[in-house]
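One letter stands for each residue in the lines below.
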Amino acid sequence: MALELPIYMDNNATTPLDPRVLDAMMPYLTSKYGNAASRSHTFGWEAEDAVSKARKQVAKLIGASPKEIIWTSGSTEGCNLAIKGVAEMYGPRKEDGSCRGHIITTSYEHKAVLDPCKRLQREGFDVTFIDPHEDGVITAAQVAEAIREDTILVTIMWANNEIGTINEVDEIGKLCKEKGILFHTDATQAVGKIPIDVERDGVDLLCGSGHKIYGPKGVGFLYVRRRKPRVRLSPMIDGGGHERGMRSGTLNVPGIVGMGESCELAGKEMNADAERLSKLRDRLIDGVLSQLDMAVLNGDKEKRLPQTANISFPYVEGESLMMAMKDIAVSSGSACTSASLEPSYVLKSLGLGDELAHSSIRFGLSRWSTEEEVDYTVEKVVSAVNHLLEMSPLYDMVKEGIDLSTVEWGGH
Ligand SMILES: *Cc1c(COP(=O)(O)O)cnc(C)c1O
């Protein structure tokens, strides 16, 4: 098959919709338009049946029971509901009626977790942000050290979206069970990519999103444990009492059907996909690192998602590198904010300096990524980096044996 350009290699940002998922959704976008809450006619029953089926499909993929699945608009909502919902429900009440308690998270969570935690911090909760080890992994020992008498929630991502490393979730889950502390995990990048079992792994709350697993955008789920313990959440959205009162609003039936189908497909294809993608991922990493002496892989090589690699290219700016390979869609370690290019807080949390964080590229493969695409990418990256290095005065100095850290720069 001929190589088609441009190549999409930013699948941690979003994945294409699997055509099989679209097929499953289509009837619910056209002829089967009932409201799943309409109990009085066949249009409603048909919609409700489709939602029940999807609940089973999602539950099966993560070892949950269907009643434990709450539909959301995606992981941002799921994380908010889990974190704020627990804080409001379990934060011990003070005399003035406000709630307080201690929450443990990490400094390299997605903003969907960081921002709710920071809001709770402003409202008076104590929050501990654990930095990952240099290899990008959060260990149970780190969590054990952070736990206090008044800890009400541990929220730690299953796998990091930027570097792809996988945390010691099962050990952390076990620890939280022993201590009787609720454990939420943002599993957005892990669901459907690596095996998850909420029973085995001791997870109480877990969120996932359709558009990261070849499903539609704007739909996701939150798993809420129903026994041992029965987790209660304060809702963020009131009105109508849908989803056991935890998330009111008319259900997005086509989206939910798509979420279910994407989980069903993931269950069937995950193992084969993971095996093929980890080979492609390593082909990419090895191809780049073997041809560029100074390139470094961010995060542990083994404890990582099959679909993700993140590589730093010292003395090269990530943004310039992306410009030099415009026919490959990747993302850089700099988050474009309105005014400035901020180096990624995720890479900085690993101990990378601003320069290295600025010089990083994330490669995210998909179910449809091919060896040809990977080989083309390696070739492009290597030639673009070499070209940029030729123009880099810093790299010239390094080649001449000058230690940049000892240089006294003029100006400010
Ligand atoms: C994409 C992503 C989110 C946000 O999910 P949405 O469904 O887009 O709101 C949260 N956490 C992680 C780790 C993600 O990769």
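Rules behind the numbers
Residues numbered from 1 in each chain as written. Predicted model: local features only at pLDDT ≥ 70, side-chain atom pairs only at ≥ 80, totals over all residues. Heavy atoms only, no water. Domains from an automatic or database assignment. Buried area = accessible area lost by both parts, 1.4 Å probe. Salt bridge = Lys/Arg side-chain N within 4 Å of Asp/Glu carboxyl O. Helix = DSSP H or I, 4+ residues; strand = E, 2+ residues; numbered from the N terminus. Nonpolar A, V, L, I, M, F, W, Y, C, P; charged D, E, K, R; others polar. UniProt positions renumbered as here; feature names shortened; annotations may be inferred. Buried < 20%, exposed > 50% of the residue type's maximum accessible area, 1.4 Å probe, protein only. Arc of directions from axis to C-beta. Contact = heavy atoms within 4.5 Å. Pairing = 2+ DSSP bridges. Axes fitted to C-alpha atoms, helices over the stretch in contact; angles between N-to-C directions.

(A) Structural view of the domain arrangement of the protein. In terms of domains, the protein is made up of domain 1 (7-13 + 270-388) and domain 2 (19-265). Taken over C-alpha atoms, the centre of domain 1 sits 28 Å from the centre of domain 2. Among the residues of domain 1 in contact with domain 2, M270, Y345 and R367 are the three that bury the most area, contributing 26% of the side total. Applying the counting criterion to the domain 1 and domain 2 interface returns zero salt bridges. Going through the elements one at a time, α7 (253-291), β10 (308-312) and α9 (345-349) are the ones with two or more residues in the side of domain 1 that touches domain 2. In terms of residue count, the dominant contributor to the side of domain 1 that touches domain 2 is α9 (four residues). Here the side of domain 1 that touches domain 2 is composed, by residue class, of 10 nonpolar, nine polar and five charged.

(B) Examining the UniProt feature "modified residue: N6-(pyridoxal phosphate)lysine" (unreviewed entry) in the protein more closely. Feature annotation in UniProt places "modified residue: N6-(pyridoxal phosphate)lysine" (unreviewed entry) on K212, given in this structure's numbering. If you trace the backbone, K212 turns up in the loop between β7 (205-209) and β8 (220-224).

(C) Representation of helix α1 (residues 19-29). Taken residue by residue, α1 has V21, A24, M25 and Y28 as its buried positions. Looking straight down α1, one finds that the buried residues subtend no more than 90° of arc, so they occupy a single side. Summarising the geometry of α1, the exposed residues directed more than 90 degrees from the buried face are P19 and D23. Buried residues in α1 make contact with α2 (42-62) and α7.

(D) Structural context of the sheet that holds strand β6 (residues 182-186). Strand order in the open sheet made by the seven strands is β2-β8-β7-β6-β5-β3-β4, with mixed pairing throughout. With one partner strand each, in any of the chains shown, β2 (69-72) and β4 (126-130) form the two edges of the open sheet. The average undirected angle you get between the axes of adjacent strands in this sheet is 20°. In this structure, β7 lies alongside β8, joined through five bridges in antiparallel fashion. Within β8, the position partnered with G208 by the bridge is F221. In the packing of helix α4 (residues 111-122) onto the sheet, the strands contacted are β3 (102-106), β4, β5 (151-155) and β6, and the crossing angle to β4 comes to about 145°.

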